[in-house]
Amino acid sequence: MPVDPNAPIEITGYRRVPPFAEGRIKDLRVRWALEEIDRPYRERLIGGIFEDKPEAYLADQPFGQVPVYKENGVTLFESGAILLHIGEQDERLLPSDPAQRGQAISWMIAALNSVEPMLQILVILNVTGAGQDWREAATDAARPFAEKRLAQLAHALGDREWLGAGFTVGDLVMIDVLRAVPAPMLAPHPNLAAYVERGTKRPAFERALTAQLASYANHAPQDA
Ligand SMILES: N[C@@H](CCC(=O)N[C@@H](CS)C(=O)NCC(=O)O)C(=O)O
């Protein structure tokens, strides 16, 4: 439901991404958060992921990335900043209790700052190292850092359903980060695999993913 061309909230997305990136672009996090609290948003699709962005876009997002969020004169970039802004408006994403709120924010920053970079380097090596003789050695050097973070996270989660007392923006970002982990790397941690499955089975996630996939030019001929 929340995609609505007349909604006051606008988020950016790409019209064209390579098949491997479909469903992985970070506007998904924002769509998911808005779906969780049933807030409508309109999409602004900005072309292809690898295309240069116009100056007007760089004024909103200096790195030329997606997503950008606009609402009533407020412009935000960085998915974490956007999710904090949305969470501040709804207890279901960011609890008002100071202790729980602190935990939720800590976990969201941990996902962005301590877990995602360790995983992203593997993706970068995989893409940039295609056909290069250094790829395997570089990946072997980087992988233990990712494995250590996953083991630490699995230990912290234990047998709990979510990282805090209930689902928060911390879980939303952490689960989106973990979705990128190849299954064999997650296999030693069944609790993490179950956590990702729990998160991605939430109806709000499913609606967000459906909306994102529908926005790509090859799935939405009206945008082509
Ligand atoms: N730290 C940024 C990262 C955003 C990001 O990586 N966006 C990617 C798509 S998932 C992008 O637009 N990449 C194009 C580029 O870097 O030029 C955030 O969390 O919003």
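Residues numbered from 1 in each chain as written. Predicted model: local features only at pLDDT ≥ 70, side-chain atom pairs only at ≥ 80, totals over all residues. Heavy atoms only, no water.

A. Unusual backbone geometry, seen in detail. Across the junction of V66 and P67, the peptide omega takes the value 10°, indicating a cis bond. Counting through the fold element by element, P67 comes out in the loop between helix 2 (55-60) and strand 3 (68-71). Positive phi outside glycine occurs at D38, with the angle close to 60°. Residue position: D38 is located in the loop between helix 1 (27-36) and strand 2 (42-45). A relative accessible area of 45% places D38 in the partly exposed class. (Helix = DSSP H or I, 4+ residues; strand = E, 2+ residues; numbered from the N terminus. Buried < 20%, exposed > 50% of the residue type's maximum accessible area, 1.4 Å probe, protein only.)

B. Inspection of the pattern of salt bridges at higher detail. Going through the model one piece at a time under the given rule, you end up with 17 salt bridges. Across the pair E43 and R31 runs a salt bridge, and its minimum N-O distance is 2.7 Å. Residue E43 is found in strand 2, and its partner R31 is found in helix 1; the two are separated by 12 residues along the sequence. Taking relative accessible area as the criterion, E43 reaches 28% and is therefore assigned partly exposed. Residue classification places R31 among the buried positions, given a relative accessible area of 1%. (Salt bridge = Lys/Arg side-chain N within 4 Å of Asp/Glu carboxyl O.)

C. The arrangement of the packing of helix 6 (residues 169-178) against helix 8 (residues 190-200) in detail. Interhelical geometry of helix 6 versus helix 8 gives an angle of 115° and a closest axis separation of 9 Å. Comparing their axes, helix 8 and helix 6 come out roughly perpendicular. Crossing of helix 6 against helix 8: the hand is left-handed. On the side of helix 6, the interface is formed by D171, M174, I175 and L178, while helix 8 contributes L192, Y195, V196, G199 and T200. Here the residues of the contact of helix 6 with helix 8 sort into six nonpolar, two polar and one charged. (Axes fitted to C-alpha atoms, helices over the stretch in contact; angles between N-to-C directions. Parallel < 35°, antiparallel > 145°, perpendicular 65-115°, else oblique. Left-handed = near helix turned anticlockwise from the far one by under 90°. Contact = heavy atoms within 4.5 Å. Nonpolar A, V, L, I, M, F, W, Y, C, P; charged D, E, K, R; others polar.)

D. View of the sheet that holds strand 1 (residues 10-13). Strands sit in the order 2-1-3-4 across an open sheet of four strands; the sheet is mixed. A single partner strand is all that each edge strand has here, and the edge strands are strand 2 and strand 4 (74-77). With direction set aside, neighbouring strand axes in the sheet form an average angle of 25°. Here strand 1 pairs with strand 3 via two bridges, running antiparallel. The residue of strand 3 that forms the bridge with I11 is Y69. The strands that helix 3 (residues 79-87) touches are strand 3 and strand 4; relative to strand 4, the one it contacts most, it runs at about 135°. (Pairing = 2+ DSSP bridges.)

E. Broad picture of the layout of surface pockets. There is about 1,400 Å³ of room inside the largest pocket. Every element with two or more residues in the lining of the largest pocket is listed here: helix 3, helix 4 (98-128) and helix 6. In terms of residue count, the dominant contributor to the lining of the largest pocket is helix 4 (10 residues). Here the residues of the lining of the largest pocket sort into 21 nonpolar, eight polar and eight charged. Residue-level mapping places the lining of the largest pocket at the junction of two domains, with at least three residues from each of domain 1 (10-92 + 204-223) and domain 2 (98-202). (1 Å grid on protein atoms, 1.4 Å probe; cavity = no way out; pocket = protein on both sides within 12 Å on 5 of 7 lines; lining within 4 Å. Points joined across faces, edges and corners; volume = space filled by probe spheres on them. Domains from an automatic or database assignment.)

F. Seen up close, the domain arrangement of the protein. On domain assignment, one finds that the protein holds domain 1 (10-92 + 204-223) and domain 2 (98-202). One C-alpha centre belongs to domain 1, the other to domain 2; they are set 21 Å apart. Between domain 1 and domain 2, the residue contacts involve 18 residues of the former and 19 residues of the latter. In total, about 1,600 Å² of surface goes out of reach between domain 1 and domain 2, with carbon and sulfur atoms giving 58% of it. Inspection of the region where domain 1 meets domain 2 yields four salt bridges. Looking at the side of domain 1 that touches domain 2, the elements that each hand over two or more residues are helix 1, helix 3 and helix 9 (203-215). (Buried area = accessible area lost by both parts, 1.4 Å probe.)

G. Structural context of the nonpolar core. Of all hydrophobic cores here, the largest spans 51 residues; its most connected members are I86, M174 and L178. Three or more residues apiece are contributed to this core by two domains, here domain 1 (10-92 + 204-223) and domain 2 (98-202). Setting aside residues up to four positions removed in sequence, M174 forms contacts with W107, A110, A111, V115, L153, L163 and Y195. Y14, I46, Y57 and Y216 belong to the second largest nonpolar core, which has nine residues in total. (Core = buried A, V, L, I, M, F, W, Y, C linked by side-chain atoms within 4.5 Å.)

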